[in-house]
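Architecture at a glance
The lines below spell out each chain.
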Amino acid sequence: MDLLELRRGGDPKPPWLLDLVLPEVGGGKFDVSQLAAIDENDTAVALRVSGLGQATFERLVSEYGFRFIAIELWKCPRIEDFSPFEDIAGLQMVSIYWNQRSPRLWNLGRTPQLRALCFEDFTRLHRLDDLEQGAALKEVVFGDAVWSKSVFETLEPLAALTGLQRLSFHPKRVEDGRIQPLGELTNLEKLSIPTNLFTTDQVAWLRARLPDSVESNALAGIVTMPRPIEGGGKSLDVLLVGKRKPFLDSKIDAVRIRKHVQAFEEMVAAFKNDPSREPG
């Protein structure tokens, strides 16, 4: 089981998953009587649920939390405090989509087996400090899934997650603008970040710091678009990586693209030759 399997569930549902997501588009409102469905299922080790308020969330965790190693809270915007998760010592995976009230996660040190964490479309969470205690984390996903509103003060807490293998984040903005914390994640296998969040110089610095084997959508000079954007007499099929960089036509703008790629490769080489050099 991984985060993707937990979030998609599948149909028919696998025996390890109990899906209590309500049919309402907004997530609905979970009634405590629906907890009986957990009593009727003694095989599931993962739970998907929607519409929880603070009281029903606390009751769910206190009475049934020990049953599950993976929990997805899908559209539970009214939960204000996720600290009840700290009582599930065996928790290995958590996915939370859409929350409007909580300004933080929880003390991840109290869930020492947590290896995968996803939190998306949190409107009040701007500090990532809680992540520093997630020593066992192998996969982290956060930021914007639907609404482009996520703003984080800094990525600095991520630097502590040296065992991280997969990282995906898509915020609207990182206030301190620093990419350097990601340079500490030398065990990364996959990295997904916006191609326009950092400057080309910053991306080149990160490319120089991370292993060549890292799969990434952004650690290159350009991104080739699978579906060109047609307009203005051009077929825009190439995106230059870097903040405020444009889409270009690979035929009409071939010279400009080639110069950008060459400059990017030179930046990477310069950073590798001088490990003490910082991005501008």
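Structure first, text after, so check above.
**Section: the overall build of the protein chain**
In terms of regular secondary structure, the protein chain is built from five helices and 14 strands. Oriented by its inertia axes, the alpha-carbon framework of the protein chain measures out at about 65 × 45 × 30 Å. Burial statistics for the protein chain: of 280 residues in total, 48% are counted as buried. Taking the intrachain contacts of the protein chain between residues at least 6 apart in sequence as the baseline, contacts between residues at least 24 apart amount to 50%. One way to put it: in the protein chain the 35 positive side-chain charges average out to a point 6 Å from where the 40 negative ones average out.

**Re helix α4 (residues 200–209)**
Residue pairs three or four apart in sequence face the same way in an α-helix, which turns once every 3.6 residues. Most of α4 sits out of view: nine of its 10 residues are buried. Here α4 has its buried residues at Thr200, Asp201, Gln202, Val203, Ala204, Trp205, Leu206, Arg207 and Ala208. Buried positions along α4 lie against β10 (190–192) and α5 (254–273).

**A closer look at helix α3 (residues 54–64)**
For α3, the complete set of buried residues consists of Gln54, Thr56, Phe57, Leu60, Val61 and Tyr64. Where the residues of α3 are buried, they touch α2 (36–39), β2 (46–49) and β3 (70–74).

**A look at the side chain of Asp201**
The residue Asp201 is located in helix α4 in this model. No salt bridge is formed by the buried Asp201; the nearest opposite charge belongs to Arg277, separated by 4.7 Å. Excluding residues that lie within four positions of it along the chain, Asp201 makes contacts with Met267, Phe271, Pro279 and Gly280.

**Looking at the environment of Ala204**
For Ala204, the location among the structural elements is in helix α4. What makes Ala204 buried here is its relative accessible area of 0%. Along the sequence, Ala204 and Lys234 sit 30 residues apart, while their C-alpha atoms lie 28 Å from each other. Each residue touching Ala204, except ones within four places of it in the same chain, is listed here: Phe264, Met267, Val268 and Phe271.

**Remarks on the pairing of strand β13 (residues 234–240)**
Two faces make up the sheet, and in a regular strand the side chains alternate between them. Most of β13 sits out of view: five of its seven residues are buried. As paired elements, strand β12 (residues 222–231) and β13 share six bridges and run antiparallel to each other. The partner of Glu230 across the bridge, within β13, is Ser235. Counting the residues between successive antiparallel strands, the hairpin from β12 to β13 contains two residues, one of them, Gly232, with a positive phi of roughly 60°. Relative to strand β14 (residues 247–249), β13 runs antiparallel, the two being bridged by three bridges. When the sheet's bridge partners are listed, Leu236 is paired in β14 with Asp249. The turn joining β13 and β14, which pair antiparallel and follow one another in sequence, is formed by six residues; a positive phi near 140° is taken by Gly242.

**Some remarks on the nonpolar core**
Grouped together as the largest cluster of nonpolar side chains are 68 residues, with contacts concentrated most on Leu73, Phe85, Trp106, Leu117, Leu131, Phe142 and Leu167. Looking at this core, the element that brings in the most residues is α4, giving five residues. Beyond its immediate sequence surroundings of up to four residues, Leu167 is in contact with Val140, Phe142, Leu158, Leu182, Leu185, Leu188, Lys190, Leu191 and Ser192. Of all hydrophobic cores here, the second largest spans nine residues; its members include Leu3, Leu6, Ala70 and Cys118.

**Focus on the sheet that holds β13**
The antiparallel open sheet is built from three strands, whose spatial order is β12-β13-β14. Because the sheet does not close on itself, it has two edges, and the strands there are β12 and β14. Looking at each pair of strands side by side, their axes are set apart by 40° on average, direction ignored.

**Overview of the sheet that holds β2**
Strand order in the open sheet formed by nine strands is β1-β2-β3-β4-β5-β6-β8-β10-β11, with parallel pairing between adjacent strands. The sheet is open, and its two borders are formed by β1 (17–20) and β11 (215–216), each paired with just one other strand. Of the strand pairs in this sheet, strand β8 (residues 166–170) and β10 are connected by three bridges, and their pairing is parallel. Across the sheet, residue Leu167 finds its bridge partner in β10, namely Leu191.

**Observations regarding the packing of aromatic side chains**
According to the stated counting rule, one finds 11 aromatic pairs in the structure shown. Note on Phe57 and Phe85: the rings are 5.1 Å apart at their centroids and 75° apart in plane angle, and the pair reads as edge-to-face. Pair noted here: Phe57 is in helix α3 and Phe85 is in the loop between β3 and β4 (93–99), with a separation of 28 residues, a long-range link. On the accessibility criterion, Phe85 (0% relative accessible area) is buried. Relative to Phe122, the ring of Phe119 has its centre 6.0 Å away and its plane inclined at 80°; by these criteria the two rings are edge-to-face. Exposure remark for Phe119: the relative accessible area of 2% places this residue in the buried category.

What counts and what doesn't
- Residues numbered from 1 in each chain as written.
- Predicted model: local features only at pLDDT ≥ 70, side-chain atom pairs only at ≥ 80, totals over all residues.
- Heavy atoms only, no water.
- Helix = DSSP H or I, 4+ residues; strand = E, 2+ residues; numbered from the N terminus.
- Buried < 20%, exposed > 50% of the residue type's maximum accessible area, 1.4 Å probe, protein only.
- Contact = heavy atoms within 4.5 Å.
- Lys, Arg positive; Asp, Glu negative; His and termini not counted.
- Charge placed at Lys NZ, Arg CZ, Asp CG, Glu CD.
- Salt bridge = Lys/Arg side-chain N within 4 Å of Asp/Glu carboxyl O.
- Pairing = 2+ DSSP bridges.
- Core = buried A, V, L, I, M, F, W, Y, C linked by side-chain atoms within 4.5 Å.
- Axes fitted to C-alpha atoms, helices over the stretch in contact; angles between N-to-C directions.
- Phe/Tyr/Trp six-rings, centres within 6.5 Å; stacked < 30°, edge-to-face > 60°.

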